[in-house]
Amino acid sequence: MNELIDKTIASLKLNRFDVYCAENGEKAKELALSLIPDGSTVASGGSMTLTQIGMKDALVSSGKVSFLDRNAPDLTDEQKDEITKRSMTCDVFMSSTNAVTSDGELYNVDGYCNRVSALLYGPKSVIVIVGKNKIVPDLPSAVTRVKSVAAPKNGVRLSCDTYCSKAGHCVGIDGKMTDGCRADRRMCSGYTVMAFQRIPGRVKVIIVNEDLGY
């Protein structure tokens, strides 16, 4: 596994991502906080990785940043939409990734696509925290990982009533990348691959030497 991590880090750097390493989730959280300037407006995508390491609580309790929380209680749909739109131009956007290949690519699949939009363009800085369990050899393996691991588990977590949340795998597991169900709350609508960074220093990837998220 260490060899795979080393190869992934080297490939990400070759593709002009800034790459950092952390031994565990707690160290990853501390490192991420150190990469966020005081006074920043910070937002995040829905991420079990960030939840597991307590990233939101750390940001809020620091008192040094303004956190845009679209999941705060008692928000109207209009307020949630406004916060989501503001997240597209925040100072720092935080997320995990559905898979990272040892070739140095970040593969992500989204339902509403607000997360992948912010990853690709808008926020001045992006911090991606990813556990070693999400490292795969190549893009076909990344596709399979989402259809067999990430989508089913997130379907259950979010009560999406999709085929994968019941069967434990995507209905299109043996098909092409975009094959899937036709459920109203299908999570797999937009597919993105981040393969190279034209803006040096914008996307920072923290590889964590433990399993995190889905």
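Rules of the game
Residues numbered from 1 in each chain as written. Predicted model: local features only at pLDDT ≥ 70, side-chain atom pairs only at ≥ 80, totals over all residues. Heavy atoms only, no water. Helix = DSSP H or I, 4+ residues; strand = E, 2+ residues; numbered from the N terminus. Rg over C-alpha atoms; globule rule 2.2 N^0.38 Å. Buried < 20%, exposed > 50% of the residue type's maximum accessible area, 1.4 Å probe, protein only. Pairing = 2+ DSSP bridges. Core = buried A, V, L, I, M, F, W, Y, C linked by side-chain atoms within 4.5 Å. Contact = heavy atoms within 4.5 Å. Axes fitted to C-alpha atoms, helices over the stretch in contact; angles between N-to-C directions. Parallel < 35°, antiparallel > 145°, perpendicular 65-115°, else oblique. Left-handed = near helix turned anticlockwise from the far one by under 90°. Nonpolar A, V, L, I, M, F, W, Y, C, P; charged D, E, K, R; others polar. Polar contact = N/O pair within 3.5 Å; in protein donor to acceptor, adjacent residues only side chain to side chain.

The secondary structure content of the chain amounts to eight helices and ten strands. Since a compact globule built from 214 residues should have a radius of gyration of about 17 Å, the 17 Å found for the chain is in line with a globular shape. Overall size of the chain, expressed as C-alpha extent along the three principal axes, is 45 × 45 × 30 Å. Here the chain holds 214 residues, and the buried ones make up 48% of them.

With that settled, the discussion passes to the sheet that holds strand S1 (residues 18-22). The sheet built from six strands is open, its strands ordered S1-S10-S7-S4-S2-S3 with parallel pairing. Strands with a single pairing partner mark the edges of an open sheet, and in this sheet they are S1 and strand S3 (66-67). Here two bridges tie strand S2 (residues 41-44) to S3, and the two strands are oriented parallel to one another. Residue pairing in the sheet places Val42 in a bridge with Phe67 of S3.

This part covers the environment of Arg198. Take Arg198: it is sitting in the loop between strand S9 (190-194) and strand S10 (203-208). Owing to a relative accessible area of 74%, Arg198 belongs among the exposed residues under this scheme.

Counting residues in hydrophobic clusters, the biggest one holds 22 residues, and the most contacted among them are Leu12, Phe17, Leu106, Val205 and Ile207. Look past the residues within four positions of Ile207 in its chain and what remains in contact with it is Ile5, Ile9, Leu12, Val19, Tyr20, Cys21, Ala22, Val130 and Ile135. Among the nonpolar cores identified, the runner-up in size contains 20 residues, and Val42, Val92, Ile206 and Val208 belong to it.

Below, the discussion takes up the packing of helix H2 (residues 25-34) against helix H4 (residues 55-62). At a minimum axis separation of 10 Å, H2 and H4 run at an interaxial angle of 45°. Relative to H4, H2 is oriented oblique. The two elements H2 and H4 meet at a crossing, and its hand is right-handed. Every residue of H4 that contacts H2 at Lys29, Ala32 and Leu33 is listed here: Met55, Ala58 and Leu59. Of the residues contributing to the contact of H2 with H4, the split by class is five nonpolar, no polar and one charged.

Moving on: the sheet that holds strand S5 (residues 99-101). Read across the open sheet, the four strands follow the order S8-S5-S6-S9; overall the sheet is mixed. Edge positions in the open sheet fall to strand S8 (135-136) and S9, since each of these has one partner strand only. Across five bridges, the pairing between strand S6 (residues 106-110) and S9 is antiparallel. By the bridge assignment for S9, Tyr107 is matched with Val193. Its contacts with the sheet put helix H7 (residues 139-157) on S5, S6, S8 and S9, and the angle it makes with S6 is roughly 35°.

Bringing the environment of Gly122 into the picture now. Within the fold, Gly122 resides in the loop between helix H6 (114-120) and strand S7 (125-131). As a C-alpha pair, Gly122 and Met55 span 67 residues in sequence and 21 Å in three-dimensional space.

Within the secondary structure, Asn15 is located in the loop between helix H1 (2-14) and S1. A distance of 2.9 Å separates a polar side-chain atom of Asn15 from the backbone oxygen of Gly104.

Moving on to the pairing of S7. Of all seven residues that make up S7, seven are buried, and the element is covered over most of its length. Neither face of S7 is left uncovered, since the one carrying Ser125, Ile127, Ile129 and Gly131 and the one carrying Val126, Val128 and Val130 both have all their residues buried. Two elements, strand S4 (residues 92-95) and S7, share four bridges in a ladder whose sense is parallel. Considered in S7, the bridge of Phe93 is made with Val126. Relative to S10, S7 runs parallel, the two being bridged by six bridges. Across the sheet, residue Ile127 finds its bridge partner in S10, namely Lys204.

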